[in-house]
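Below are the chains, spelled out letter by letter.
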Amino acid sequence: MASRLLELADRLGEDRDGAVVVPLPVTQAELAGWAGTSLETTVRALSALRRAGWLTTGRGTISILDRAAVARRAGRPEA
């Protein structure tokens, strides 16, 4: 999931106040389908990233607050 979120950030993200905001008007079920995971796995992954303070979610947006941490979680450390 972290890798897919980074892909979305690269494609659609907008830098705002140190965060990357991704306008994403889709449901978690649609996000799961796109990521190739179950809804349950997607919900757990998003929850873990939120608890870590690396992202926030809102109606139609995902804000990546700590891109480097999300990249490490995805197994692709960024410089």
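Counting of residues starts from 1 at the beginning of each chain's written sequence and follows it residue by residue. The predicted origin of the model limits local features to residues at a pLDDT of at least 70 and limits the giving and counting of side-chain atom pairs to 80 or more, whereas totals for whole chains, interfaces and linings rest on all residues. The basis for every side-chain value is the complete set of non-hydrogen atoms in the structure, without hydrogens or water.

**Digging into the overall build of the protein**
Stage number 1. The secondary structure listing takes helices from DSSP runs of H or I that are at least 4 residues long and strands from runs of E that are at least 2 residues long, numbered from the N terminus. The helix and strand tally for the protein stands at four helices and four strands.
Stage number 2. Start at the N end of the protein and walk to the C end: the helices and strands fall as α-β-β-α-α-β-β-α.
Stage number 3. Relative to its length of 79 residues, the protein is compact, with a C-alpha radius of gyration of 11 Å against a globular reference of 12 Å.
Stage number 4. Taken across its 79 residues, the protein has 34% of its residues classed as buried.
Stage number 5. If you take every contact in the protein between residues at least 6 apart in sequence, the share linking residues at least 24 apart comes to 50%.
Stage number 6. As displayed, the protein has an accessible area near 4,700 Å², and 50% of this comes from carbon and sulfur atoms. This radius of gyration counts C-alpha atoms alone. The globule rule is 2.2 Å times how many residues there are, raised to the power 0.38. For every residue, the accessible area (1.4 Å probe, protein chains only) is compared with the maximum for its type, and the residue is labelled buried under 20%, exposed over 50%, or partly exposed between those bounds. Only heavy atoms matter for contacts: two residues are in contact if any of them lie within 4.5 Å across the pair. Shrake-Rupley sampling with a 1.4 Å probe provides the accessible areas, and residues are treated as covered by the protein chains on show and by no other component.

**Considerations on the environment of Gly13**
Stage number 1. Looking at the secondary structure, you find Gly13 in the loop between helix H1 (2–12) and strand S1 (14–16).
Stage number 2. For the pair Gly13 and Ile64, spaced 51 residues apart in sequence, the C-alpha to C-alpha distance is 9.0 Å.
Stage number 3. With residues near it in sequence (within four places) discarded, Gly13 still touches Leu8, Val20, Val21 and Val22.

**Observations regarding the packing of aromatic side chains**
Stage number 1. For Phe, Tyr and Trp, where Trp contributes only its six-membered ring, two rings pair if their centres lie within 6.5 Å, and the inter-plane angle classes them as stacked under 30 degrees, edge-to-face over 60, or tilted in between. Within the structure shown, the criterion is met by zero aromatic pairs.
Stage number 2. To sit over a ring, a charge needs its Lys NZ or Arg CZ within 6 Å of the ring centre and within 35 degrees of the ring normal. Above the face of the Trp34 ring, Arg4 is positioned so that its terminal group lies 4.9 Å from the ring centre.

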